[in-house]
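Geometric and topological summary
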Amino acid sequence: MKPLIGISTYLEESAAWGPWRMEAALLPAGYPALVRRAGGLAAMLPPGDPATAPEVVARLDGVVIAGGPDVEPAQYGARPHPRTGPPARERDAWELALIGAALDADKPLLGICRGMQLLNVALGGSLAQHIEGHVGEAPGRFGAHPVIPLPGTRYAGLVPGEFGVPSRHHQSVDRLGAGLTASAVAADGTVEAVELAGKRWVAGVQWHPEMADDTRVMADFVRAATP
């Protein structure tokens, strides 16, 4: 049986399609497409009451926390940097609740870009609020750069050599959260992937695998989530 993978989404106050313009829960199509290519079934998780997260997670085989806006610095006890974007407090609360519920239930969990940063924050880590060289060449477009696996990690077992990835972010992991290990870095030392020991399968990647053809990380996640 294919595992059911829930993917977090976000609310936009004014989305347009056909003759309509209204509030909508959105998710770039690359996320469910990547889950399907890796052998799973995808379900969109619109933002909701954080108190319901355990019930939602109980019905899933695995959870993906998608990319998106900056995590509010107050979540890790910091003041906003001038380049930090506006807070998305409802989304922060919902996705932190999903992460906590997945960890408590020992469900496979994958954080992508913002999702990796939020996983780090959920475990007591902090973020560098602005770094150079990882944003991409133009607004609305992804850049690309190689990531280097670190020996002895799950990621290195899946992707044993330097590998180019699509990327667009201006924040990154600073202090690692409790139990997290860096499993890949960029040439400038930026942490590009993390994993958590002692759980069934918990990891994060700073890049956007949904924007590429490589399925190795997602396929391993889906295997771990298969009933």
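Here the structure is shown first, and the text comes after it.
**Details of the packing of aromatic side chains**
As enumerated under the stated definition, the model contains two aromatic pairs in all. Summarising the aromatic geometry, the rings of Tyr 155 and Trp 207 are spaced 5.6 Å apart at their centres and angled 65 degrees between planes, so their arrangement reads as edge-to-face. Of this pair, Tyr 155 sits in helix α5 (residues 154-158) while Trp 207 sits in the loop between β13 (202-205) and α6 (216-225); the two residues are 52 residues apart in sequence, bridging distant segments of the chain. In terms of burial, Tyr 155 and Trp 207 fall into one category: buried. Ring geometry for Trp 201 and Phe 221: centres 5.3 Å apart, planes at 65 degrees, overall edge-to-face. Remark: Phe 221 occurs in helix α6 and Trp 201 occurs in the loop between β12 (191-196) and β13; sequence separation between them is 20 residues. The exposure classification of Trp 201 matches that of Phe 221, with both residues buried. One cation-aromatic arrangement involves Arg 216 over Phe 163; the distance from NZ or CZ to the ring centre is 4.7 Å.

Calculation criteria
Residues numbered from 1 in each chain as written. Predicted model: local features only at pLDDT ≥ 70, side-chain atom pairs only at ≥ 80, totals over all residues. Heavy atoms only, no water. Phe/Tyr/Trp six-rings, centres within 6.5 Å; stacked < 30°, edge-to-face > 60°. Helix = DSSP H or I, 4+ residues; strand = E, 2+ residues; numbered from the N terminus. Buried < 20%, exposed > 50% of the residue type's maximum accessible area, 1.4 Å probe, protein only. Lys NZ or Arg CZ within 6 Å of the ring centre and 35° of its normal.

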